[in-house]
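Residue-level listing of the chains:
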Amino acid sequence: MLILPLSACAGNPDNTSGGAASSAPSATASPSESPAGGEASSEPAKQPVKVVWWHSMSGELGKAADALVSGFNSSQPDVQVEAVYQGTYDESLNKMKASMDAKSGPSLIQVYEIGSRFMIDSGAVTPVQQFIDAEGYDVGSLEPNIRGYYTFGGKQYSMPFNTSNPILYYNKDLFKAAGLDPEKPPATYQEVADAAKALTKDGVTGASFAIYGWFMEQLLAAQGKELVNNGNGRDSAATESLVNQEAAVKTLEWWKGLVDAKTALNLGRKTDDTKKAFLAGQVAMTLDSTAGLRGIVDGAAGKFEVGTAFLPRPSADTEGGVVVGGASLWVLNNKPAEEQQAAWAFIKYLAEPATQAQWHINTGYFPITTKAYDEQAVKDNLVKYPQFQTAVDQLHASKPSTASQGAVMGVFPEARQLVEGAIEEAFTGKKDAKAALDGAAKQITDKIAVYNKTVAK
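Since we're looking at a predicted model, the values are computed, not measured.

Draft legend 1. Region of the structure containing the side chain of Q218. With respect to the helices, strands and loops of the structure, Q218 is situated in helix α9 (residues 213-221). Among all residues touching Q218, those that are not within four sequence positions of it are P166, L311, G321, V322 and V323.

In structure tokens form, the structure reads like this:
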């Protein structure tokens, strides 16, 4: 088994099997009668199979995840899942790496989307495609744009769990005050710039977008542009970063132009800082994950009405889509077959429409199955939070391509940090946009080469 080094990063079907109980491994012993008296044997009943699930959901998300585990455990007697919070995604992965030789790690682990290449190359997982094929499990209602991210070479390696993408949030009240139509949010780079200029007055700044590499990745995908070569690393292993392509340079120049014109605030890398400024009414527009939608809408309640819109693009005729963010569930292959099968039973439970409806409502993450939208609870939630329809529509409007399917590379966390550093260099005037991105692209390409040599050994 190859376990690769992981650098720390600063910084979601149609279940036709009849439910988790029917798909879990049988763990109930039938009492046997003694030859003489016909009395039941005193042999103890077989214990349920234990599945240890490592995850990175904290706070309210952690409570929502624990509720799913409780629901599964009480739904059947054959499998019992123990959920264990392991810190951030990076921390959890490092702990998994350290546990492999001793086999003291989990049966199942939640890994963020940019860790997918590492997980495949580690040789530590059983692709969920094996379970899908073995029982003819129907994946027909899985969101194709979500499932696509975790499918490599026609094989699905993990099951999406918590899934999101970024959208534009805006303050409808400030739009009205600035004479802008609150029902017609900006859709292009120029429209964002014009709106930001009109909104910047009376102590309010038009916009603030966190310096987050994910946003640059998404703004490129929205233009149908790949982040690395070789089909975004999906046709074959990526060997070169494309983050310095013309589309990226022009995007960074547009972004820097907003900051230079003082119609957008540079509040640094933390999305929480831009979110706080938006909720305080200090900025009128921001980018954030759909996973934060419920919190943002609730946080603005009584102060202003939140509007949502698709990610802006260079022009109205630009074709592209969004890449799913979040994380997926991976089955570890150093556990007994019975334990892996039990982990698969839990995965299927999590993918059921009712379970996904519960998860979606309590967190704001997308349901991974389209059938969840038929659940009355989800319909009611969309009435209460109509802003989330924007997120659903953006996902479904994404044009399928290797760009919207998402890039894969073994050094993704480091690459994201390097892009963030390049954005900072451009904002501070240390380098122009092209020079900054050229430098990031070279460093990322060099790191990819080292990684690929490690994998080849």
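Draft legend 2. Geometry of the packing of helix α5 (residues 128-135) against helix α14 (residues 337-351). Close contact between α5 and α14 brings their axes to 11 Å; oriented N to C, the two are set at 85 degrees. Looking at the two axes, α5 sits roughly perpendicular to α14. Between α5, through V128, F131, I132 and E135, and α14, the contact on the second element is made entirely by Q340, Q341, W344, I347 and K348. A per-class count over the contact of α5 with α14 returns five nonpolar, two polar and two charged.

Draft legend 3. Focus on the packing of helix α2 (residues 59-75) against helix α15 (residues 353-363). Here α2 crosses α15 at 165 degrees, and the two axes come no closer than 10 Å. The angle between α2 and α15 places the two elements in the roughly antiparallel class. For the pair α2 and α15, the sense of crossing is right-handed. From α2, L61, A64, A65, A67 and L68 reach across to α15, where they touch T355, Q358, W359, N362 and T363.

Draft legend 4. The arrangement of the environment of E253 in detail. Looking at the secondary structure, you find E253 in helix α11 (residues 246-260). By relative accessible area, E253 is classed as partly exposed at 45%. Sequence spacing of E253 and G140 is 113 residues, and the spatial spacing of their C-alpha atoms is 42 Å.

Draft legend 5. Looking closely at the domain arrangement of the chain. When the domains of the chain are assigned, the result is domain 1 (49-163 + 324-397) and domain 2 (166-323 + 402-456). Each of domain 1 and domain 2 has a C-alpha centre, and the two are 27 Å apart. Residue-level contacts link 27 residues of domain 1 with 30 residues of domain 2. Of the roughly 2500 Å² buried between domain 1 and domain 2, counting both surfaces, carbon and sulfur atoms make up 57%. Contact with domain 2 buries surface across domain 1, with I114, Q387 and Q394 losing the most and accounting together for 28% of the total.

Draft legend 6. Broad picture of the pattern of salt bridges. Tallying each qualifying case throughout the model produces 19 salt bridges. Measuring nitrogen to oxygen at the nearest pair gives 2.8 Å for the salt bridge that ties E82 to K50. Of this pair, E82 sits in strand β2 (residues 79-85) while K50 sits in strand β1 (residues 49-55), and the two are 32 residues apart along the sequence. Ionic pairing is found between D260 and K256, a salt bridge with its closest N-O pair at 3.2 Å. Of this pair, D260 and K256 are both found in helix α11, four residues apart, which corresponds to roughly one turn of the helix. Of the residues examined, K256 reaches a relative accessible area of 19% and is grouped as buried. Via salt bridges that share partners, E113, E217 and R416 belong to a single interconnected network.

About the thresholds
Within any chain, residue numbers begin from 1 and follow the written order of that chain's sequence. Two thresholds apply to this predicted model, a pLDDT of at least 70 for residue-level local features and 80 or more for giving and counting side-chain atom pairs, whereas whole-chain, interface and lining totals are computed over all residues. Calculation of side-chain values draws on the structure's entire complement of heavy atoms; hydrogens and water are dropped beforehand. Starting at the N terminus, helices and strands are each numbered in turn, a helix being any DSSP run of H or I of at least four residues and a strand any DSSP run of E of at least two. Note on contacts: a residue pair qualifies if any of its non-hydrogen atoms lie within 4.5 Å across the two residues. Angles here are taken between N-to-C directions and fall from 0 to 180 degrees, while the axes themselves are lines fitted to C-alpha atoms, restricted in helices to the stretch in contact. Here the angle decides the label: under 35 degrees means roughly parallel, over 145 means roughly antiparallel, 65 to 115 means roughly perpendicular, and every other value means oblique. Think of it as three bins: nonpolar holds Ala, Val, Leu, Ile, Met, Phe, Trp, Tyr, Cys and Pro, charged holds Asp, Glu, Lys and Arg, and polar takes everything else, Gly as well. Handedness of a helix crossing follows the sense of rotation of the near helix relative to the far helix, less than a right angle counterclockwise being left-handed and clockwise being right-handed. The classification of residues rests on relative accessible area computed with a 1.4 Å probe and restricted to protein chains. Under 20% of the type maximum is buried, over 50% is exposed, and intermediate values are partly exposed. Where each domain starts and ends follows an automatic or database-derived domain assignment. Summed over both partners, the accessible area (1.4 Å probe) lost when two parts come together is defined as the buried area. Salt bridges are identified by distance alone: a Lys or Arg side-chain nitrogen within 4 Å of an Asp or Glu carboxyl oxygen.

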